Amino acid sequence: MTDQLHEECGIFGVYAPKAYDIARDVYYGLYALQHRGQESCGIVVNEDGIFHSHKDPGQVSQVFTTEELNRFPKGTMAVGHVRYGTTGGNNRNNCQPMEVNHQKGKMALAHNGNISNAYELRQTLELSGAIFHSTSDTEIIAYILTRERLKAPSIEEALLSAMPYLEGAYSLVLMSAAKLIIARDPHGFRPLCFGKKADGTYIAASETCALEAVGAEYIRDVEPGEVVIFSEEGVRSVTLHCGTKEHRICIFEYIYFARPDSVIEGVSVHSARLKAGEILARTYPVIADVVIGVPDSGLDAALGYSRFSGIPYGIGFIKNKYIGRTFIAPSQDERDSGVRIKLNPVRETVEGKRVVLVDDSIVRGTTSGRIVRLLRDAGAKEIHVRISSPPFISPCYYGTDIDAKDKLVACQHTMSEIRQMIGADSLGYLPLKYLHELVGHDGYCRACFSGEYATPVPEITSKERFEKRLSEKENATF
């Protein structure tokens, strides 16, 4: 895990009444979701039951050149995916959508989330003869779904039968030869919505910003435990009967993951971040000259802090747009240079000023320390750091790459020690007790801030746990 949190994944699906250049809509949708994953991406187009696909490591603009897009035929259905993997390494076998050919037909599956009982499920499947070609938990979903499809009368019935086996977070887009199906886990950890274009084409996506990118009008979010089917028969919905489950949308979608122009379950991400800044201003007031935010997800919270406190808002950093959010360099010196390449302070804004610096989170503290040093070097007189989330004290098993307490600075140090480590004059986190104000209800997951989980805690959590198993098998003596 790097000092910056990684996104999970973004999923996108299209069901059209007649064939058209559908791959381009998926391309635009994935571009809008690029912030959710930058390791790899893929598109699968359905042309009268024949699947055409292209997927590779890299960002959308790198993988899908004009030449590659032109190779796709016209189609009536398609699925797309951008990936940052919380299970499995970054190689082509783990790229999605995942395609399966089985006795009853074809299937393409795109997944956002993390199956917390993936290790146990994979062991059971392997003992029954399953052979895996990837180290992604998405292939585990595909195996269970295929197994259930052999017994079920339809693909949607198979999905409903498969869902009780899966613990954790999953939002899915599933394409068969004749249907596009979307589904969300019973807790609703990860967002999923759908909309409609003027010509009757339905669009499903992780965020509303992707609907707008292709000219679709938002209809509604998929409910937790709901399966929505798009077919020639129209649109229909079925719900998994699994008893009462607590609604647990990931609160960090609003703080960091989602784009600020998206709306998740009726709550504007931009408004939630403004509220976070307001809470910080009233909880940790300070006498200062300017409020600045760390691009990108700290900007809205900084604006909220400024509005509530009356301290002027300023542009404190210029971000290099050609370096992704997951930029990693191998050595300490190169990491320090990397921060300077990615962010450059605006000296005119901060020189000689008492600065309030707003960011979304502190993971290990090293990047926060580098950013504070950049402001010191630019002449800032005082630096008061405000964080628009509570301290991370527990691992996340639902799609964020926080997999060990020993990597979390808040588990090892007091707030005073963290303040000294990053070189700030003061430090304030968003208090856990006010977190609900961001969304206006208590139906959200805050496990990484509280240690309270909605599902059983897995014993083995490493992202590379399946790679390690493969390595052990290769070195075994038979």
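Treat the numbers as computed from the prediction; the structure is a model and nothing was measured.

A. Looking closely at the side chain of serine 176. Tracing the chain through its elements places serine 176 in the loop between strand E7 (168-175) and strand E8 (180-184). Taking relative accessible area as the criterion, serine 176 reaches 12% and is therefore assigned buried.

B. Looking closely at the sheet that holds strand E20 (residues 354-359). What the four strands build is an open sheet, ordered E17-E20-E21-E22; its pairing is parallel. Edge positions in the sheet fall to strand E17 (290-293) and strand E22 (426-429), since each of these pairs with one other strand and no more. Averaged over all pairs of adjacent strands, the angle between their axes in this sheet comes to 20°, without regard to strand direction. In the sheet, strand E21 (residues 382-387) pairs with E22 via four bridges, with the strands oriented parallel. When the bridges of E22 are listed, arginine 386 appears paired with glycine 428. Of the strands in this sheet, E17, E20 and E21 touch helix H10 (residues 298-309), which is tilted by about 160° from E17. Contacts between helix H13 (residues 366-377) and the sheet are confined to E17, E20 and E21, with E21 contributing the most and set at about 150° to the helix.

C. Highlighting the packing of helix H9 (residues 269-283) against H10. Following both chains from N to C, one finds H9 and H10 inclined at 50°, their axes separated by 6 Å at the closest point. On the basis of the axis angle, H9 is oblique to H10. Classified by chirality, the crossing of H10 by H9 is right-handed. When H9 is examined against H10, the residues His270, Arg273, Leu274, Gly277, Glu278, Leu280, Ala281 and Arg282 are found in contact with a partner set consisting of Asp300, Ala301, Leu303, Gly304, Tyr305, Arg307, Phe308 and Ser309. Classifying every residue of the contact of H9 with H10 gives seven nonpolar, four polar and five charged.

D. Structural view of helix H6 (residues 155-162). Most of H6 is tucked away, with six of its eight residues classed as buried. For H6, the set of buried residues is Ile155, Glu156, Ala158, Leu159, Leu160 and Ala162. Considering only its buried residues, H6 is in contact with strand E6 (105-115), helix H5 (137-149), E7, E8, strand E12 (226-231) and strand E13 (234-239).

E. Broad picture of the sheet that holds strand E5 (residues 98-102). Read across the open sheet, the six strands follow the order E5-E6-E7-E8-E12-E13; overall the sheet is antiparallel. Each edge of the open sheet carries a strand with a single partner, namely E5 and E13. Strand-to-strand twist in this sheet, taken as the mean axis angle between neighbours without regard to direction, amounts to 20°. Where E6 and E7 come together, eight bridges link them in antiparallel fashion. Counterpart to isoleucine 115 in the pairing with E7 is glycine 168. Its contacts with the sheet put H6 on E6, E7, E8, E12 and E13, and the angle it makes with E8 is roughly 20°.

F. Highlighting the environment of aspartate 199. Mapped onto the elements of the fold, aspartate 199 is located in the loop between strand E9 (193-196) and strand E10 (202-205). Overall, aspartate 199 belongs to the partly exposed group, its relative accessible area being 49%. Spatially, the C-alpha atom of aspartate 199 lies 8.1 Å from that of proline 17, the residues being 182 residues apart in sequence. Within polar-contact distance, the side chain of aspartate 199 engages the side chain of threonine 201 at 2.9 Å.

G. Here's a closer look at a nonpolar patch on the surface. A cluster of nonpolar residues, Tyr313, Ile315 and Ile318, forms a patch on the protein surface that exposes about 270 Å² of accessible area. Following the sequence through the fold, tyrosine 313 ends up in the loop between H10 and strand E18 (317-319).

Conventions and cut-offs
Residues numbered from 1 in each chain as written. Predicted model: local features only at pLDDT ≥ 70, side-chain atom pairs only at ≥ 80, totals over all residues. Heavy atoms only, no water. Helix = DSSP H or I, 4+ residues; strand = E, 2+ residues; numbered from the N terminus. Buried < 20%, exposed > 50% of the residue type's maximum accessible area, 1.4 Å probe, protein only. Pairing = 2+ DSSP bridges. Axes fitted to C-alpha atoms, helices over the stretch in contact; angles between N-to-C directions. Contact = heavy atoms within 4.5 Å. Parallel < 35°, antiparallel > 145°, perpendicular 65-115°, else oblique. Left-handed = near helix turned anticlockwise from the far one by under 90°. Nonpolar A, V, L, I, M, F, W, Y, C, P; charged D, E, K, R; others polar. Polar contact = N/O pair within 3.5 Å; in protein donor to acceptor, adjacent residues only side chain to side chain. Patch = residues over 30% accessible without salt bridge, like charges linked within 9 Å, V, L, I, M, F, W, Y side chains within 5 Å. Areas by Shrake-Rupley, 256 points an atom, 1.4 Å probe, with all protein chains shown as cover. Salt bridge = Lys/Arg side-chain N within 4 Å of Asp/Glu carboxyl O.

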